[in-house]
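Each chain, letter by letter, is given below.
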Amino acid sequence: TIFLRKIQHRSIFLIFVCSTFIGLSFEYICSLFQEIVLNSLSWSYSDTYFSIHGRTNVIFGFFWGILGCIWIKILYPFFYHQLGKIHNPLFKILSFFFALFMIFNMAISFLAVFRQSKRIQNIPAKTPLDFYLDLHYPDARLAKTYPEMIFLEEE
């Protein structure tokens, strides 16, 4: 959104190309980060046509392009206009707490999977956080939360 807003009034083709590139790049970087840091994969396009190192796929990139056009040309202007009508300080406070919650949610999800990767490597819990994660985010729970995720063999 931050980047696409800057070109929102340009040609739909430029927005499509940029959205495709952003979507492909983001998916590729997320996959690479997950593999390097968590030693796991949540998806693989290895067996598909036009795969880019199994991390993303050019065909799905076109869908990112279409979604980017729909978002920046239709949905974003609508939401921006509607939210601009709200002048209630409570809205800003609620937005702040929602953002804070999402940051916490992403952090705990990352930490739970990171700890799971350590359990798979037979690294015992050492810190209070490790013990908390082992108790509240055991492998069975994470398998239900991330059913497609696989952990890679240690080399």
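None of the values given here were measured: they were computed from a predicted structure.

About the cut-offs
- Residues numbered from 1 in each chain as written.
- Predicted model: local features only at pLDDT ≥ 70, side-chain atom pairs only at ≥ 80, totals over all residues.
- Heavy atoms only, no water.
- Helix = DSSP H or I, 4+ residues; strand = E, 2+ residues; numbered from the N terminus.
- Rg over C-alpha atoms; globule rule 2.2 N^0.38 Å.
- Buried < 20%, exposed > 50% of the residue type's maximum accessible area, 1.4 Å probe, protein only.
- Contact = heavy atoms within 4.5 Å.
- Areas by Shrake-Rupley, 256 points an atom, 1.4 Å probe, with all protein chains shown as cover.
- Lys, Arg positive; Asp, Glu negative; His and termini not counted.
- Charge placed at Lys NZ, Arg CZ, Asp CG, Glu CD.
- Salt bridge = Lys/Arg side-chain N within 4 Å of Asp/Glu carboxyl O.
- Core = buried A, V, L, I, M, F, W, Y, C linked by side-chain atoms within 4.5 Å.
- Phe/Tyr/Trp six-rings, centres within 6.5 Å; stacked < 30°, edge-to-face > 60°.
- Lys NZ or Arg CZ within 6 Å of the ring centre and 35° of its normal.

1. Details of the overall build of the protein chain
- Across its full length, the protein chain holds six helices and four strands.
- Radius of gyration (C-alpha) of the protein chain: 20 Å, far over the 15 Å computed for a compact globule of 155 residues.
- Taking the principal axes of its C-alpha atoms as reference, the protein chain extends roughly 55 × 50 × 20 Å.
- Within the span of the protein chain, comprising 155 residues, buried residues form 26% of the whole.
- A fraction of 58% describes how many contacts in the protein chain between residues 6 or more apart in sequence connect residues 24 or more apart.
- For the protein chain, the accessible surface area stands at approximately 11,300 Å², while carbon and sulfur atoms represent 72% of it.
- A distance of 19 Å separates the average location of the 13 positive side-chain charges in the protein chain from that of its 10 negative side-chain charges.

2. Points about the side chain of Gln116
- When you line up the elements, Gln116 lands in helix H4 (residues 89-120).
- Setting aside its immediate chain neighbours within four residues, Gln116 contacts Asp139, Leu142, Met149 and Phe151.

3. Quick word on the environment of Ala143
- Along the chain, Ala143 turns up in helix H6 (residues 139-145).
- C-alpha separation for the pair Ala143 and Leu83, spaced 60 residues apart in sequence, amounts to 38 Å.

4. Structural notes on the pattern of salt bridges
- Inspection of the entire model under this criterion finds four salt bridges.
- Taking the shortest distance from any N to any O, the salt bridge between Arg115 and Asp134 comes out at 2.9 Å. Taken together, the residues Arg115 in helix H4 and Asp134 in helix H5 (residues 128-136) connect sequence positions 19 residues apart.
- You can call Arg115 buried: its relative accessible area is 4%.
- Its relative accessible area of 23% is what places Asp134 among the partly exposed residues.
- Where Arg119 meets Asp134, a salt bridge forms, and the shortest distance between an N and an O atom there is 2.6 Å. Highlighted residues: Arg119 in helix H4 and Asp134 in helix H5, separated in sequence by 15 residues.

5. As for the side chain of Asp130
- Summarising the element assignment, Asp130 is placed in helix H5.
- Here Asp130 sits buried without a salt bridge, and the closest side chain of opposite charge, Arg115, lies 4.3 Å off (N-O distance).

6. A word on the nonpolar core
- Counting residues in hydrophobic clusters, the biggest one holds seven residues: Leu4, Ile7, Ile15, Cys18, Cys69, Ile72 and Tyr76.
- Of all the secondary-structure elements, those providing two or more residues to this core are helix H2 (12-38) and helix H3 (58-84).
- It is H3 that contributes the most residues to this core, three residues altogether.
- When near neighbours in sequence (up to four residues on either side) are disregarded, Ile7 contacts Leu14, Ile15 and Cys18.
- In this structure, Ile108, Leu133, Tyr137 and Leu142 belong to the second largest nonpolar core, which totals five residues.

7. Thoughts on the packing of aromatic side chains
- Under the defined criterion, the tally for this structure stands at ten aromatic pairs.
- A centroid spacing of 6.3 Å and a plane angle of 45° characterise the contact between Phe60 and Phe63, whose relative ring orientation is tilted. Of this pair, Phe60 and Phe63 both sit in helix H3, separated by three residues, roughly a single helical turn.
- Residue classification places Phe60 among the partly exposed positions, given a relative accessible area of 36%.
- Seen in terms of ring centroids, Phe96 and Phe97 are 5.4 Å apart; in terms of plane orientation they differ by 75°. Their pairing is edge-to-face.
- Connected via pairs of aromatic rings, a cluster forms that spans Trp71, Tyr76, Phe78, Phe79 and Tyr80.
- Across the ring face of Tyr28, the terminal group of Arg55 is positioned such that the distance to the ring centre comes to 5.7 Å.

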